[in-house]
Amino acid sequence: QDMLDMEVKPTPSRPPWYELHVQPCVAELLGSAFFIFIGCLSVLEEPEGTGRLQPALAHGLALGVTVAVLGDI
């Protein structure tokens, strides 16, 4: 009698293989490439007086944009 009164909960379905393996790798690749590309471009041409501020701001902005865009993956 007790076994018949219990509710059976459906097991959640597993996400497809590409969501588990491919999407995180693509997000890491794009994020790293964007981060390195922006960082290298920020020190390519250094105007007078910027010093370390320009690369630091460029890396911070690149990291913020990368997290905002790829954060859902």
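Residues numbered from 1 in each chain as written. Predicted model: local features only at pLDDT ≥ 70, side-chain atom pairs only at ≥ 80, totals over all residues. Heavy atoms only, no water.

Caption draft 1: A look at the overall build of the protein chain. Scanning the protein chain from terminus to terminus reveals three helices and zero strands. Of all 73 residues assigned to the protein chain, the portion counted as buried reaches 12%. Accessible surface, the protein chain as shown: approximately 6,600 Å² in total, 66% of it carbon and sulfur. (Helix = DSSP H or I, 4+ residues; strand = E, 2+ residues; numbered from the N terminus. Buried < 20%, exposed > 50% of the residue type's maximum accessible area, 1.4 Å probe, protein only. Areas by Shrake-Rupley, 256 points an atom, 1.4 Å probe, with all protein chains shown as cover.)

Caption draft 2: A nonpolar patch on the surface, seen in detail. Residues Trp-17, Tyr-18, Val-22, Val-26 and Leu-30 make up a contiguous nonpolar surface patch of about 500 Å² in total accessible area. Relative to the assigned elements, Tyr-18 resides in helix α2 (residues 17–42). (Patch = residues over 30% accessible without salt bridge, like charges linked within 9 Å, V, L, I, M, F, W, Y side chains within 5 Å. Salt bridge = Lys/Arg side-chain N within 4 Å of Asp/Glu carboxyl O.)

Caption draft 3: Local environment of the environment of Ala-58. Of note, Ala-58 is situated in helix α3 (residues 53–70). Measuring from C-alpha to C-alpha, the distance between Ala-58 and Cys-40 comes to 9.4 Å, with 18 residues separating the pair along the chain. With residues near it in sequence (within four places) discarded, Ala-58 still touches Ile-38 and Ser-42. (Contact = heavy atoms within 4.5 Å.)

Caption draft 4: Molecular detail of α2. Between its first and last C-alpha, α2 extends 37 Å over 26 residues, near the 38 Å set by a 1.5 Å rise per residue. Bending of α2 peaks at approximately 30 degrees at the position of Gln-23, with proline Pro-24 no more than four residues after it. Regarding α2, the residues found buried are Ala-27, Gly-31, Gly-39 and Ser-42. (Expected span 1.5 Å × (residues − 1). Bend = angle between axes of the 7 residues up to and from the residue.)

Caption draft 5: Representation of the confidence of the model for the protein chain. Across the protein chain, the average pLDDT comes to 76, with 79% of residues at or above 70. Mean pLDDT across the elements of the protein chain ranges from a minimum in helix α1 (residues 2–5), with 57, to a maximum in α2, with 81. (pLDDT = per-residue confidence, 0-100.)

Caption draft 6: Representation of the environment of Val-69. Tracing the chain through its elements places Val-69 in helix α3. Between the alpha carbons of Val-69 and Ala-27 there is a distance of 9.7 Å; along the sequence they are 42 residues apart.

Caption draft 7: Local environment of the environment of Pro-55. Considering the arrangement of structural elements, one finds Pro-55 in helix α3. Between the C-alpha atom of Pro-55 and that of Cys-40, which follows or precedes it by 15 residues, the distance is 8.3 Å. Each residue touching Pro-55, except ones within four places of it in the same chain, is listed here: Ser-42 and Val-43.

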